[in-house]
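# Architecture at a glance
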Amino acid sequence: MLRDTPPFRADHVGSLLRPRHLLRAREDHAAGTIDADRLRAIEDEAIVEVIELQRAAGLRSATDGEFRRGSWHMDFIYSLDGVSKAQDNLTVHFKNAAGEIDFTPAALRVDGKLGVSETIFGDAFTFLRDHVAEGVTPKLTIPSPSMVHYRGGAAAIDPAVYPGIEDFWIDLTAAYREQVRRVHDLGCTYLQLDDTSLAYLNDPEQRRAMADRGEDSEHLHEAYIRHLNEALDGRPEGLTVTTHMCRGNFRDSWVAEGGYDFVAEALFTQLGVDGFFLEYDDERSGSFEPLRHVPAGKLVVLGIVTTKHGELESRDVLRRRLDEAAQYVDLEQVCISPQCGFSSTSEGNSLSVDQERAKLALLVELADEVWG
């Protein structure tokens, strides 16, 4: 059966390709040649257009494409009370079919008490809410609380503010509970928590890096699941919460590799969300076998269409992929989507808007064929 509540049979992760004139406007604003009001007007126009792109593709949910952000997570994290920008020498090596590409991520410092003075992305969500068509659910995407810790760990936390890590988690999860309550008050009924850490930790290289940092890497995913549940404790009725996991998405490239086997049992049986967006576009994601842990009542959104290149997938191949997944999880618990966003950072992946549109429409057509 098709679904009339989120996640929908055909859904998507959140970020969409920024139009060039929007990227130019952001550059002009950074250079001081246009003011914030002019940038906002350009963003508004571009968001109205991308909302229509999603509706025309047949999607039942819509985001603002994350058009007001520079990246999928740091704009949110820097908006938390107690977090400031920092400098470090970290270089992340992303991989792609042609080789490697280096990326220097934004750094953070927790140098004050964590909290939410103002609703983060509140204005962005209300604009989206007010411009979606009838029957389309506005969806807000924010990074998981795990991302605040995974990026820097104890080294990024001022010990004068948080001498113990548990006090850090108490305040961070309380800030998230307040954020969740506030966005629900604005009318948000579909919230997605993006969390690369729960996918990265499947990769032995990532676990080794966390161990070198002093973390209990064999159990870090369990700690993240516990704290994420604390962040969602007492969430409002009528709010659907999903999480999305990928192994890195920057200019067609990725960081981590490996199936979901390491985290699957704890992830699917302990994390208190309604659905899991899972990267499944190529062999890096492993087999569907970990889906055997998905309990009744939970949904998985299989990211079987890639955003890392523009070539359109074969519908027959995608249908066979669903048949494979059905060996481990009931198809009534399955939805489909791209494996990640099309533009996790403002640069975006290398496909065109027309290719992006075609991939979204293909998912809708396939969902109609499979679930009627």
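Refer to the preceding data block for the structure.
Now for a look at the structure at hand. Just so it is clear, the structure is predicted and the values come from calculations on it, not from any experiment.

Attention shifts here to the overall build of the chain. Assigned secondary structure in the chain consists of 12 helices and 12 strands. Against the 2.2 N^0.38 benchmark of 21 Å for 372 residues, the chain shows a C-alpha radius of gyration of 19 Å, consistent with a compact globule. Its C-alpha atoms put the chain at 60 × 50 × 45 Å along the principal axes. The contacts in the chain between residues at least 6 apart in sequence include a share of 80% that link residues at least 24 apart. In the structure as shown, the chain presents an accessible area of about 15200 Å², 47% of it carried by carbon and sulfur atoms. Once the 39 positive and 64 negative side-chain charges of the chain are each reduced to a mean point, those two points are 1 Å apart.

What follows deals with the side chain of His-12. Within the element layout of this structure, His-12 appears in the segment before α1 (20–31). Under the relative-accessibility criterion, His-12 is labelled buried at 1%. A distance of 2.8 Å separates a polar atom in the side chain of His-12 from a polar atom in the side chain of Gln-54. Residues within four places of His-12 in sequence aside, it is in contact with Gln-54, Leu-59, Ser-61, Thr-63, Lys-139, Gln-192, Phe-277, Ser-337, Pro-338 and Leu-360.

On to the pattern of salt bridges, then. The full count for this structure, using the stated rule, is 24 salt bridges. For Glu-215, the salt bridge goes to Arg-213, with nearest N and O atoms at 3.1 Å. Residue Glu-215 is classed as buried on the basis of its relative accessible area of 18%. Exposure remark for Arg-213: the relative accessible area of 29% places this residue in the partly exposed category. We note a salt bridge from Arg-315 to Glu-369, for which the minimum N-O separation is 3.5 Å. Taken together, the positions of Arg-315 in helix α11 (residues 315–325) and Glu-369 in helix α12 (residues 353–371) put the pair 54 residues apart, joining distant regions of the chain. Owing to a relative accessible area of 40%, Glu-369 belongs among the partly exposed residues under this scheme. A network of salt bridges, in which partner residues are shared, links Arg-26, Arg-40, Glu-43, Asp-44 and Arg-68.

Attention now moves to the pairing of strand β12 (residues 334–338). Counting buried positions over the 5 residues of β12 gives 5, a clear majority of the element. The pairing of strand β11 (residues 299–305) with β12 spans 5 bridges and is classified as parallel. Counted as the bridge partner of Val-300 is Val-334 from β12. Taken together, β11, α11 and β12 constitute a β-α-β crossover, and its handedness is right-handed.

To describe two helices that pack against each other, one gives the angle between their axes and the distance between the axes. Contact geometry for α1 and helix α2 (residues 36–57): axes closest at 10 Å, N-to-C directions at 165 degrees. On the basis of the axis angle, α1 is roughly antiparallel to α2. Here the hand of the crossing between α1 and α2 comes out left-handed. Contacts between α1 and α2 involve His-21, Leu-22, Ala-25, Arg-26 and His-29 from the former and Ala-36, Leu-39, Ile-42, Glu-43 and Ala-46 from the latter. Of the residues contributing to the contact of α1 with α2, the split by class is 6 nonpolar, 2 polar and 2 charged.

Rules used throughout
Residues numbered from 1 in each chain as written. Predicted model: local features only at pLDDT ≥ 70, side-chain atom pairs only at ≥ 80, totals over all residues. Heavy atoms only, no water. Helix = DSSP H or I, 4+ residues; strand = E, 2+ residues; numbered from the N terminus. Rg over C-alpha atoms; globule rule 2.2 N^0.38 Å. Contact = heavy atoms within 4.5 Å. Areas by Shrake-Rupley, 256 points an atom, 1.4 Å probe, with all protein chains shown as cover. Lys, Arg positive; Asp, Glu negative; His and termini not counted. Charge placed at Lys NZ, Arg CZ, Asp CG, Glu CD. Buried < 20%, exposed > 50% of the residue type's maximum accessible area, 1.4 Å probe, protein only. Polar contact = N/O pair within 3.5 Å; in protein donor to acceptor, adjacent residues only side chain to side chain. Salt bridge = Lys/Arg side-chain N within 4 Å of Asp/Glu carboxyl O. Pairing = 2+ DSSP bridges. Right-handed = clockwise from strand over helix to strand, strands pointing away. Axes fitted to C-alpha atoms, helices over the stretch in contact; angles between N-to-C directions. Parallel < 35°, antiparallel > 145°, perpendicular 65-115°, else oblique. Left-handed = near helix turned anticlockwise from the far one by under 90°. Nonpolar A, V, L, I, M, F, W, Y, C, P; charged D, E, K, R; others polar.

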